[in-house]
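Below are the chains, spelled out letter by letter.
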Amino acid sequence: MERLVISRLNLAKYLFISCIFASLSLDVFIRIKPEYVGMSVFFKTTIFLLFIYLSRKWLLKKSSYREFGIISLLALCLISLLYTYSSSFPLDSLTRTIKLLYWVFTIIMFHFMIHFNTLDKASLKKVLILALMLMIPATLYLIFFPQVEHLAQAAGAYPLLWAIYCAVILLDKKDKLLFILIVIATLTLFLVVKRGAILCLLASVCFWFYLYNTKYITAKKLLRTMLIIVGAIFLLLMFFIIRGDVLIERAADTSGSGRDIMYALIILDYFASGTLEVIFGHGALGVQEFTGKALQIREGAKYGLQAHSDWLTLLYDFGLLGAIIFASFHVFLIKKIKQIKSINYPIYCRIMAMYLSLFMVSFFSEIFFSTSLIFLSLYIALVYSFNPNKRNLL
């Protein structure tokens, strides 16, 4: 019986990893051929159903729901599903809910696999090595292929950022290949010139430097840090030579792609709403219906632009109820991260610094309703899978 359970877990592991790489490959294909996005939704819905099937026994156990942060995400899934019924665009709202469920169940599956040691540290490193080997050349192709250059900024930066972060969490001194891939991926990220992703990376590095050196500062480490800074400046100069024109063009755009106007309009309309709308929101896709009326609908679209902020989307669509549940997810995640502090301080510094990126992205971009952030799911699962009774991360 025990062998049968192990074989089932191994089968689930290989199916899950296959789904990850199939999904990553599909994301690359869709960036190049966006007209096939419908195929992506269909395929990932199939993966989502497979996730549920693989984790069905674990999902029925009461012990699976001790992590309140994951419960918060499932609560938002339930609200999104309930609001679909009253939406002006029920099919699109249902599709958006499936995307959210896909992201949450990816977290649950990673957590499930790591918890039962089906995905151990060595296996995760192999997954990240292969993923970076796929994502780096794909992103470089998108950057330097003129017809799809803008898609590298739109779709390639954040998935690559979270893959880098997960690789850094698992990195050991002996992992030379993984380290080289992290360096190349970081340089690739700068070449994309996605301001939000670069800002998150720089902010997290500075935060890590502050956290780590407040406890472990020495003259040797200070010298090494200075050398790293000098090396980084040199690489930035090389980057400016290669992509300086794009950098100047992006820096000249101070409007944040119109986010400042959009944010102001959404906030003003929300507070001008009635009591029920303030508490329970305007319904699924409510914010995009509003932006369509306020800023006009693009040609060929059914409704307006996304809010480009998870907080504003959840506040406007689901009201204070949705915003409070989302805030509870962040609170429980921070509490879980703080448990790592007394057990493994260096790992705590890495994870806490990366949380800053998660917090920032949720303000000026969108995590929810995206099916391309598989490694953000892994990051959250790693936090919740940390065993305080062990000295290592996994």
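Predicted model, so just to flag it, every value in this text is computed and none were measured.

Undergrad: Explain the overall build of the chain here, please?
TA: A tally of regular secondary structure across the chain gives 16 helices and zero strands. The buried share among the 394 residues of the chain stands at 52%. Across the chain, contacts joining residues at least 24 apart in sequence account for 79% of those joining residues at least 6 apart.

Undergrad: What am I meant to see in the pattern of salt bridges here?
TA: Where side chains of opposite charge bring their charged atoms close, a pairing between them can arise. Applying the stated criterion across every chain yields a total of four salt bridges. A salt bridge links Asp 172 to Lys 121, with the shortest nitrogen-to-oxygen separation between them at 3.4 Å. In this pair, Asp 172 sits in the loop between helix H7 (149–170) and helix H8 (176–192) while Lys 121 sits in helix H6 (residues 121–144), placing the two residues 51 residues apart along the sequence. Residue Asp 172 is joined to Lys 125 by a salt bridge in which the shortest nitrogen-to-oxygen separation is 2.6 Å. Placement of the pair is Asp 172 in the loop between H7 and H8 and Lys 125 in helix H6, with a sequence separation of 47 residues.

Undergrad: What should I look at first to understand the environment of Ile 52 in this one?
TA: Locating Ile 52 in the fold gives a position in helix H2 (residues 37–54). Between the C-alpha atom of Ile 52 and that of Phe 105, which follows or precedes it by 53 residues, the distance is 7.5 Å.

Undergrad: Teacher, can you tell me more about helix H14 (residues 310–341) here?
TA: Working note: α-helix, 3.6 residues per turn, so residues spaced by three or four point in the same direction. With 32 residues, H14 should reach 46 Å at 1.5 Å per residue; the first-to-last C-alpha distance of 28 Å falls well below that figure. At Phe 318, H14 shows its maximal bend, which comes to roughly 140 degrees.

Undergrad: Whenever I open this one, the packing of H14 against helix H16 (residues 374–385) confuses me. Can you help?
TA: In helix packing, the relevant descriptors are the interaxial angle and the interaxial distance, both defined with respect to the helix axes. In contact at an axis separation of 9 Å, H14 and H16 are set at 55 degrees when each is read in the N-to-C sense. The angle between H14 and H16 falls in the class oblique. H16 is crossed by H14, and the crossing has left-handed handedness. On H16, the residues that touch Phe 329, Phe 332, Leu 333, Lys 336 and Ile 337 of H14 are Tyr 379, Ile 380, Val 383 and Tyr 384. Here the contact of H14 with H16 is built from residues that sort into eight nonpolar, no polar and one charged.

Undergrad: Help me understand unusual backbone geometry in this model?
TA: Leave glycine aside and you will find that most residues have negative phi; peptide bonds, for their part, are mostly trans. Positive phi outside glycine occurs at Leu 285, with the angle close to 65 degrees. Mapped onto the elements, Leu 285 comes out in the loop between helix H12 (275–280) and helix H13 (286–295). Even without being glycine, His 308 reaches a positive phi, approximately 55 degrees. Turning to its location among the elements, His 308 is positioned in the loop between H13 and H14. In this structure His 308 comes out as partly exposed when scored by relative accessible area, which is 26%.

So, how was this worked out
Residues numbered from 1 in each chain as written. Predicted model: local features only at pLDDT ≥ 70, side-chain atom pairs only at ≥ 80, totals over all residues. Heavy atoms only, no water. Helix = DSSP H or I, 4+ residues; strand = E, 2+ residues; numbered from the N terminus. Buried < 20%, exposed > 50% of the residue type's maximum accessible area, 1.4 Å probe, protein only. Contact = heavy atoms within 4.5 Å. Salt bridge = Lys/Arg side-chain N within 4 Å of Asp/Glu carboxyl O. Expected span 1.5 Å × (residues − 1). Bend = angle between axes of the 7 residues up to and from the residue. Axes fitted to C-alpha atoms, helices over the stretch in contact; angles between N-to-C directions. Parallel < 35°, antiparallel > 145°, perpendicular 65-115°, else oblique. Left-handed = near helix turned anticlockwise from the far one by under 90°. Nonpolar A, V, L, I, M, F, W, Y, C, P; charged D, E, K, R; others polar.

Note that every value here comes from positions in space, so none of it alone points to a role or purpose.
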